[in-house]
Every structure is written in structure tokens, then in C-alpha cells.
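# An overview of the molecular structure
Spelled out from the first residue to the last, the chains are:
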Amino acid sequence: MSSDESEKLVIEHKAYARAGLLGNPSDVYYGRTMSFSIGNFWASVRLQPSKDLVILPHPTHDLVQFDSLPHMVNRLQTEGYYGGVRLLMAICKIFHNYCKDNNLSLHEGNFSLSYDTNIPRQTGLSGSSAIVCAALSCLLDFYDVRHLIKVEVRPNLILNAEKELGIVAGLQDRVAQVYGGLVYMDFSKKYMEDLGHGIYTPMDIGLLPPLHLIYAENPSDSGKVHSTVRQRWLDGDKFIISSMEEVAKIALEGQKALLDKDYAKFASLMNHNFDLRRQMFGDDALGTLNIEMVEVARRVGAASKFTGSGGAVVVFCPEGPSQVKLLEAACKKSGFVIQPVEVMPSFLNEIDLETLSSK
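Values in this document were obtained by computation on a predicted structure and should not be read as measured data. (Residues numbered from 1 in each chain as written. Predicted model: local features only at pLDDT ≥ 70, side-chain atom pairs only at ≥ 80, totals over all residues. Heavy atoms only, no water.)

### Overview of the overall build of the protein chain
A tally of regular secondary structure across the protein chain gives 14 helices and 10 strands. Against the globule reference of 21 Å for 359 residues, the protein chain gives a C-alpha radius of gyration of 21 Å, in line with a compact fold. On the principal axes, the C-alpha backbone points of the protein chain span a range of 60 × 55 × 45 Å. Of all 359 residues assigned to the protein chain, the portion counted as buried reaches 50%. Looking at the protein chain alone, contacts between residues at least 24 apart form 75% of all its contacts between residues at least 6 apart. (Helix = DSSP H or I, 4+ residues; strand = E, 2+ residues; numbered from the N terminus. Rg over C-alpha atoms; globule rule 2.2 N^0.38 Å. Buried < 20%, exposed > 50% of the residue type's maximum accessible area, 1.4 Å probe, protein only. Contact = heavy atoms within 4.5 Å.)

Written out as C-alpha cells, the structure is:
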């Protein structure tokens, strides 16, 4: 195949950042959550047919050439050891094994995979899973199996690829990225055990009030926050179990508040969600910088909570533009980045939707 011919067969997909709106982190505790896709940031993956199977390193995120030893050390301290190559490899493995286990035959053609992303690192906006999600979409199309792998199952494949790499996470982020738009999710134990996934209900993004995103230039590590709470929950800690049930209930009440357009109730639920998280995890686990991002919004009367496990917060200013101006000034003073949220509508196509309705 000539380079011109393979260029015509290029497959490219984007997956967007996501914000946990209500109910997180109860998705990993048989709870309920509500999340949405953020159009401000995305990862894109490009698949091009090729003679050999090649995973191409990103020129910035997978840097292996440096000016000096201090340059390399500084780079590792700010960016860490990991780029996206391992994520692409992991989803290729998980996808291959899933198809093999489910008797889905794959043609023998090879490909080159490359990626790009503008999702800020370690901000709790699901940058890693966005790369994996976009790559999975490319593989579904390259092997022509989109109609054979149900939409509900795809978040599990993405999560399994990340678990391969020791990434601590739950299903909600991947659901939001696979479905797009605003999604209400029920991860009740019965569904998780019987179906292997939750029940996911897309909602009209027009129900959302204007939201803002605040994040720090020097973020936290979102992978360490769940640790002690998870163990206490497994050990039957009554405070953690009842608090997590209350967090899950917030998503249910939030769904009703949005449908009723009761934005005062919605604001109080956002705040309550964070307060419960803080009580369970404690300030040391959440981190001073993360707490300050929430507090900077609250000091101007806005509702705020983490988008994930820290690094960024989603904010609602119920009093409108004048309150937004106060918030912008407060963020500037504190050195935080703030921007209006662009909510992406659902990006499921007709083939995807047919897998949803099939049993």
C-alpha cells in the first residue's frame, strides 16, 4: 500500500475531558454519579494502516532526548515518567483479548497509532482515559467491530486497560467519555454483579446551568486520594459506608433538581458533595491546594466541588455574571486558572445507538 493510499484510510477520533458533577467518588462503591464531557480539553488518536504495528511516541509527552541531566530531572519532576505510549499498548492488549474471548475475528492488517492531548496533567479531568477512549474508538473502526461491542461494555475495556498500568479509578469517567454529553449513572451492586456494568442514562445538556472550571498550574496526583477510604469501606467502617451512601443519594437528588430546574437545590448538593468527601478523606489526603480551589469559589458564594479526585473543581455561580466576575478576580489573585465550561453533546452515532437497544 502506498503512503497516499494509507493516508486516505486514516482513522482519527477524539475523546474529551470529563467532570464528575455529582455523586463522585461513589462510582467505585456501588453508588450513583452524574458526569459530563468538557469540550475545552480533549485527546485525539490517529490510526493509519501500516506494514508493521507501530505505537508512535509523542514528541513532548514521551520525550526520551534531553539537553542535559538537569533538564531530564526537571522534566521528570514536573511531568512524571509516563507518557501515552503505555496507554495505547494497554488498550490494544485489552481490545485484542476481549475480541478473542468473545469470538470476534479480527483481520490481519497492521497500523500505526499516534496521539495528542491538551488535557492538563493531574487535574482530575481524566486525561489518561481520554487517550485510551479515543484509541478504542479507532480500533473499533479499523477492525469494523463497532456494531459488535456494546456501548455499555466499552467503559469497562478502557478501565481494564488503565488497571493494567496500576491506575486507580472507577467507571464513571470512562462512561462520560464513551457516551459524551451529560450522563446519570447507577452503579448499584445488583447491576454491577448481574450485568458487569451500571445503568447509564443520558440527559439533556440544556438542563445544566452555566458552569466554570478552576484548576491549578501545579496540580496534585489524583491517583493517591482514594487509598485509606477504600480500605475502610472494605473493612465495613460504618461512617464511610453511610457517608458514601449519602454521596450516591446526592446524584439521585441532583438528577431531579436538574429536571425540575431547581438550581438553588443543585448548588447546595454540589457543596454537600464536597463536604462529605472532605469528612471521609480528611484534609491531608485532599491537599491544601485542592481545598483552596474549592474555598476560593465558596468565598464569593459560588457552589464548588472536585471534578475528580483533585486538581480541578467545577463551579456554579447561582447569582450569575456579577458573581462570575468576582470569582475570576479571586482566582487571578490566588493564581488559579478559570474558564467557562463548554459541555459537549453526546457523540454516539447510529451504530453505537443500535448496540444500546440490542439485548
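### Points about unusual backbone geometry
That bond from asparagine 24 to proline 25 is cis: its omega, 10 degrees, falls within 30 degrees of zero. Topologically, proline 25 is positioned in the loop between strand 1 (11–22) and strand 2 (32–50). A positive phi angle, close to 55 degrees, is found at asparagine 103, a residue other than glycine. Looking at where asparagine 103 falls in the secondary structure, it is placed in the loop between helix 3 (85–101) and strand 4 (110–117). One non-glycine residue, lysine 261, lies in positive phi territory at about 55 degrees.

### Let's talk about the pattern of salt bridges
All told, the structure shown has 16 salt bridges when counted by the stated rule. Across the pair lysine 93 and glutamate 164 runs a salt bridge, and its minimum N-O distance is 2.9 Å. Here the residue lysine 93 occupies a position in helix 3, and glutamate 164 occupies one in helix 5 (residues 154–164), the gap between them amounting to 71 residues. Between glutamate 292 and arginine 299 there is a salt bridge; the shortest N-O distance is 2.4 Å. Since its relative accessible area comes to 26%, glutamate 292 is described here as partly exposed. Exposure remark for arginine 299: the relative accessible area of 54% places this residue in the exposed category. Through salt bridges with shared partners, one network takes in Arg18, Glu162, Asp173 and Arg174. (Salt bridge = Lys/Arg side-chain N within 4 Å of Asp/Glu carboxyl O.)

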